Amino acid sequence: MISSDQVGAVAYWLLKATYHRYVNRDRALSVVGRTIGDVLAAVAPESGGAGRLRLLDERGEPVGPAETTADLAKSIAKVEQEHHPRWVWPSTAELYPVLLEAGVRVERCYDVGLAEALLLNYAGRHGEPRGLPSAWARVAGLPVPEDPPPPKQVDQPVLFEPEPDILPGGADPLDAIVAVYADQRERVAGAGIAERLRLLLAAESASALAAAEMTHHGLPWRVDIHQRLLTEALGPRPMPGAQPRKLLELAEAVTAAFGGREVNPDAPASVVRAFKRVGIDVPSSRAWVLKQVDHPAVAPLLEYKELSRLYAAHGWSWLESWVHNGRFRPEYVVGGVISGRWATRGGAALQLPKLLRAAVLAEPGWSLVVADASQLEPRVLAALSDDRRLAEVAADVDLYANLAKDSFEGERGRAKIAMLSAMYGGTSGEAGPLLATLRRRFPDAVGYVEDAARAGEEGRMVRSRLGRTSPLASELVRDLVDGADEGRSRQAARNWGRFTRNFVVQASAADWTAALLASLRGQLAQRAPLAELVFFQHDEVLVHCPSADAETVVAEIGVAAQQATRLVFPGTGVRFPLHAKVVDCYADAK
C-alpha cells in the first residue's frame, strides 16, 4: 500500500502543483511528503472557440460563478498563469491539441474520459462507453449512450469543432463535468487500492498531455533520406497499382526456387502448397516457421516479407500522408491497448522499421536524446514479486547476462528464453526445462506470474501494480458454465491464463512508463524548457533539444526513472536503468 507520503509525492511530481515556487530540486524534494493544496478548474468547450470555466476547490466543489468566454484558449492561458490549476476536462486528446495550436501549454490535467475507462475496467466493465455523455448518464441514472467514433486527424485542429455532444437529459456540460469528477472521486475512495488508483489516474492524465505535445512537436523527419532509403531497398517508385522492382525480382526468385511453378509470396496458402509439393509440411508461411526450414526458397521469401511490409506500411504513400514540414506527427492513443500500452491511430508509429531510423535527424544546433529502459518487464516482475534474488540479478544493466551467470552457465540466450517463458507461458521445446530451473532459483518471481495464470484459468481478473485490470474471461466462463467440450474448455482456460500471466507484468510496466513520462515532462519544462518530447514507444523515449541542453536532458531522464520507480514500486531494491544516448541521428542510438 502506498503511504500518505507517496501520495504527496504524486501530487508534487505528477501534478506539479507547486514546483514553480521552489528554486532547486533539493528543496523541492524536502516538501514532497507534505499535504499540498490543489486548485482545480473545470472547462467545457463550446463551438467557435468559446467555452465556460469554473474554479473548484481541492475537493472538487465549485468556487464562485462560472465564467463564459468567447476565447476559451485565451482564458485558459490566463487562469493557467494565475492559478496553475489542474484542469478537469472531458478529453485531453480532443481539447489539448487546439490549445497547443493556439500557443497554450498547461502543466497538469485530469482527463475524465481516461479516468472513466480505468475505473470501469477496475469494476470489470471493460468495453463500456467512457465519454462524458455516458459517464454523466451513469451519474444521473439515464440511458447510457454509445461513444462517438474518434475524430479523423487533420493537419491543424479547428478550435473546439464540431459542436459538443448534447448530454443526456439536456444537462449543462460544465455541471456534468463537476458531477462526474465528484462521482469518480467517490469510486476511487471506495476502491481497495484507492491511493494506487489516484496515482494511476494522475499518471495517465499526464501521459495524455505528453502524447498531445509529441504530436504537436512531431518527430524530425528527413523526406529526402526516406526516399533514398526506399529506392535503395525497393527500386524506383512504381506506377500506381504496380509493385516495386525488388519485390518482383524476389517473387521470381521464389518461383525459380520451387522449380518454376508460380508461387504468390503474398498468399500464405500458395506458399504452404509450394512447400508441400517438394515434400515439406509447414503449418503456415509465418517468418518464424520458415526460418526453421532448409530450402532455397526460404531466403527470398523472408526478404520479400520484410520489404513488402516496408512498402505497405512506410512506403512513398505513407511519407506523403504522414510527414509534413519535416515532421512526422502520429496520433497517439494513450492506453489504447488493454494492458495500458499506447497505440496509434494511423501512421504505424509504434512499428517504425530500423531501416528508416536513419531518416530521423536532429535539426541544426539540436540533438536527439534517445533513452530506453533496459529489460523493463523482467525488472517489473522482480519488483512486483519482491523476489530479492531476482532483484540482485537485476542490479546490472544487462539483466539477462547476469541471469545467465547465476543460473544458466553463462548462456545468455537460454536465460532469456527462460525469463520470457515465465512471463509469456512458453513450455514447448527447451522452454519447459529452462523454466523449471528458473522456478527453482527464483520461486517468488515465477510463483507470482503462475498465480496470475491460475487466476485467469479460473476466470478471475488480475490487476497491475496501480490497478489496471484485465477483462473477465467471458467466453471462457460461458464455456465452463454451459458445459462445453471439456478439452475445448481446458484449452480456453490455459489460453486465458497465458494472457493474465503476462498482463500483470506488461500492465505494471505501463504504470511505470506513465509515471516516467509524467515526471520527465514536468522536469523538462523546468530544467530544459526548449526541449521537446517527440516520440515514445513502450520503453523508449526520444527528446529533441538544443545541443547545449542535451546533458541536462540526460540527467533529467535518469531522475525521472528513479522517481517513477519510487512512486510505482516504493521501497523496492530493483534497479530500473534508463540508458540515454545523445545522437544526431536516431539510427546511431543503438
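Residues numbered from 1 in each chain as written. Predicted model: local features only at pLDDT ≥ 70, side-chain atom pairs only at ≥ 80, totals over all residues. Heavy atoms only, no water.

1. Details of the overall build of the protein
- The secondary structure content of the protein amounts to 23 helices and 14 strands.
- Across the 590 residues in the protein, those meeting the buried criterion constitute 53%.
- Of the contacts made within the protein by residues no fewer than 6 positions apart, 66% connect residues no fewer than 24 positions apart.
- Total accessible area on the protein stands at roughly 26300 Å², and carbon and sulfur atoms take up 51% of it. (Helix = DSSP H or I, 4+ residues; strand = E, 2+ residues; numbered from the N terminus. Buried < 20%, exposed > 50% of the residue type's maximum accessible area, 1.4 Å probe, protein only. Contact = heavy atoms within 4.5 Å. Areas by Shrake-Rupley, 256 points an atom, 1.4 Å probe, with all protein chains shown as cover.)

2. Digging into the pattern of salt bridges
- Following the criterion strictly, the structure yields 30 salt bridges and no others.
- For D57, the salt bridge identified is with R59, shortest N-O distance 3.1 Å.
- Ionic contacts of the salt-bridge type, sharing partners, join the residues E116, R125, E128, R138, D183 and R187 into one network. (Salt bridge = Lys/Arg side-chain N within 4 Å of Asp/Glu carboxyl O.)

3. Side note on the pairing of strand β12 (residues 532–537)
- Burial analysis of β12 places 6 of its 6 residues in the buried class, the great majority of the element.
- The pairing of β12 with strand β13 (residues 540–546) spans 5 bridges and is antiparallel. The partner of F535 across the bridge, within β13, is L542. (Pairing = 2+ DSSP bridges.)

4. Re helix α6 (residues 132–140)
- For α6, the set of buried residues is L132, P133, S134, A135, W136 and A137.
- Directly after α6, the chain includes G141, whose backbone phi takes a positive value near 70 degrees.

5. Quick look at unusual backbone geometry
- The backbone of A348 sits at a positive phi, close to 50 degrees, despite the residue not being glycine.
- Position of A348 among the secondary structure elements: in the loop between β10 (343–344) and β11 (366–373).
- The phi torsion at E409 lies on the positive side, around 50 degrees, for a residue other than glycine.
- Of note, E409 is situated in the loop between α17 (399–407) and α18 (412–424).

6. Here we look at the pairing of strand β1 (residues 40–45)
- Extensive coverage of β1 is indicated by the burial of 6 of its 6 residues.
- With burial as the criterion, each face of β1 is covered, one bearing L40, A42 and A44 and the other bearing A41, V43 and P45.
- Pairing geometry for β1 and strand β2 (residues 51–56), over 6 bridges, is antiparallel. Paired with A42 across the strands is R54, a residue of β2.
- Linkage of β1 to β2, two consecutive antiparallel strands, is achieved through a turn of 5 residues, within which G48 is found at a positive phi near 75 degrees.

7. Describing the packing of aromatic side chains
- Summed over all chains, the structure comprises 15 aromatic pairs.
- Their ring planes at 70 degrees and their centres at 6.2 Å tell us that Y311 and W316 sit as a pair that is edge-to-face.
- Residue class for Y311 comes out partly exposed when judged on its relative accessible area of 27%.
- Overall, the relative accessible area of 7% leaves W316 in the buried class.
- Centre to centre, the rings of W512 and F576 are 5.4 Å apart; their planes meet at 25 degrees, and the pair counts as stacked. You can see W512 sitting in helix α22 (residues 486–527) and its partner F576 sitting in the loop between α23 (550–568) and β14 (578–583), a full 64 residues away along the chain.
- Relative accessible area serves as the criterion here: at 1%, W512 is assigned to the buried category. (Phe/Tyr/Trp six-rings, centres within 6.5 Å; stacked < 30°, edge-to-face > 60°.)

8. A word on the sheet that holds β11
- Spatial strand order, β12-β13-β11-β14: 4 strands in an open sheet with antiparallel pairing. The open sheet is flanked by β12 and β14, the only strands paired with a single partner. Neighbour-to-neighbour, the strand axes of this sheet turn through a mean angle of 20 degrees, independent of strand direction.
- Where β11 lies against β14, 6 bridges are found, and the strand directions are antiparallel. (Axes fitted to C-alpha atoms, helices over the stretch in contact; angles between N-to-C directions.)

9. Some words on the confidence of the model for the protein
- In this model, the protein carries an average pLDDT of 89, and 89% of its residues clear a pLDDT of 70 or more.
- Ranking the elements of the protein by mean pLDDT puts helix α2 (residues 25–30) last with 31 and strand β6 (residues 219–220) first with 98.
- Every residue in residues 1–36 is under pLDDT 50, and counting partners more than four places away or in other chains gives 78 contacts. (pLDDT = per-residue confidence, 0-100.)

10. Focus: helix α20 (residues 443–457)
- When the terminal C-alpha atoms of α20 are compared, their 20 Å separation across 15 residues agrees well with the 21 Å that a helix rising 1.5 Å per residue should span.
- A positive phi of about 80 degrees marks G459, the residue just after α20. (Expected span 1.5 Å × (residues − 1).)

11. So, the environment of D281
- With respect to the helices, strands and loops of the structure, D281 is situated in the loop between α11 (268–277) and α12 (287–290).
- Its relative accessible area of 62% is what places D281 among the exposed residues.
- Residues D281 and V293, spaced 12 residues apart in sequence, show a C-alpha to C-alpha distance of 9.6 Å.
- A polar contact of 3.4 Å, which involves the side chain of D281, links it to the side chain of K276. (Polar contact = N/O pair within 3.5 Å; in protein donor to acceptor, adjacent residues only side chain to side chain.)

12. Structural notes on the side chain of D511
- With respect to the element layout, D511 can be found in helix α22.
- D511 sits in the buried class, given a relative accessible area of 0%.
- Not counting residues within four places of it along the chain, the set of residues in contact with D511 comprises L200, S464, R465, L466, G467, R468 and V568.

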